[in-house]
Amino acid sequence: MATTSSAAATTTSSTDATRSRTRGRRGGEPGRRSLLGASLLVLFGSFMPWVDTPLGTVLGGQGAGLWTFYACMLGFAGVMVPWRTLAVAQAALLGVVALALPLWQVGHLLNLVGTAGWMPGPGLVLVLGGGVLACVSAVRLRRGPVGA
């Protein structure tokens, strides 16, 4: 009888060890969640007011916000794609677009009217923040898991 109980205990412990080895890590790779957050920031910021003036607001969807929205869709695809290299490329592209277009918009406004009469809107700030977060996500995805 003692041999059967020890054999059952050995079988149970080896089964548990096999399960733990085959079970994947919960939560996904580092950088996927932050890429999702960056994509959401850019998504919401793309259609919010980008510039506040005394005459009214300029929505992002009337100009460069459409391009950042398109890039945001690549960011969402980067969250779901199983290949890390492709996810890194999509996160980097989202980061470049979400940084370049708002910075160009601010530079263009500074060139046209200077600092008087306008303020950056919440959409511009959200898209810039999403661009920074997407670049950080691309770096974290490129480095891969900590134990790898």
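Before any of the text, the structure's been laid out above.
Every value quoted in this text rests on a predicted model; they were computed, and no experiment measured them.

1. Re the pairing of strand β2 (residues 56-59)
In terms of strand pairing, strand β1 (residues 49-53) meets β2 through four bridges, oriented antiparallel. When the sheet's bridge partners are listed, Val51 is paired in β2 with Val58.

2. As for the sheet that holds β1
Taking strand neighbours across the sheet as the criterion, the three strands line up as β2-β1-β3 in an open arrangement whose pairing is antiparallel. The open sheet has two edge strands with one neighbour each: β2 and β3 (119-120). Here two bridges tie β1 to β3, and the two strands are oriented antiparallel to one another. Each residue of the ladder has a partner; that of Val51, found in β3, is Pro120. Along the sheet, helix α5 (residues 122-143) contacts β1 and β3; its crossing angle with β1, the most-contacted strand, is approximately 140°.

3. So, the packing of aromatic side chains
Using the criterion set out here, one finds three aromatic pairs in the structure. Between the aromatic rings of Trp67 and Tyr70, the centroid separation amounts to 5.7 Å while the plane-to-plane angle is 90°, which identifies the pairing as edge-to-face. Here Trp67 pairs with Tyr70, and both are found in helix α3 (residues 65-80), just three residues apart, close to one helical turn. Taking relative accessible area as the criterion, Trp67 reaches 56% and is therefore assigned exposed. Judged by relative accessible area, Tyr70 falls into the partly exposed class, the value being 45%. A ring pair is formed by Phe69 and Tyr70, whose centres lie 6.1 Å apart and whose planes are at 55°; its orientation type is tilted. With a relative accessible area of 22%, Phe69 lands in the partly exposed category. Grouping aromatic residues by their ring pairs yields a cluster made of Phe47, Trp67, Phe69 and Tyr70.

Criteria and cut-off values
- Residues numbered from 1 in each chain as written.
- Predicted model: local features only at pLDDT ≥ 70, side-chain atom pairs only at ≥ 80, totals over all residues.
- Heavy atoms only, no water.
- Pairing = 2+ DSSP bridges.
- Helix = DSSP H or I, 4+ residues; strand = E, 2+ residues; numbered from the N terminus.
- Contact = heavy atoms within 4.5 Å.
- Axes fitted to C-alpha atoms, helices over the stretch in contact; angles between N-to-C directions.
- Phe/Tyr/Trp six-rings, centres within 6.5 Å; stacked < 30°, edge-to-face > 60°.
- Buried < 20%, exposed > 50% of the residue type's maximum accessible area, 1.4 Å probe, protein only.

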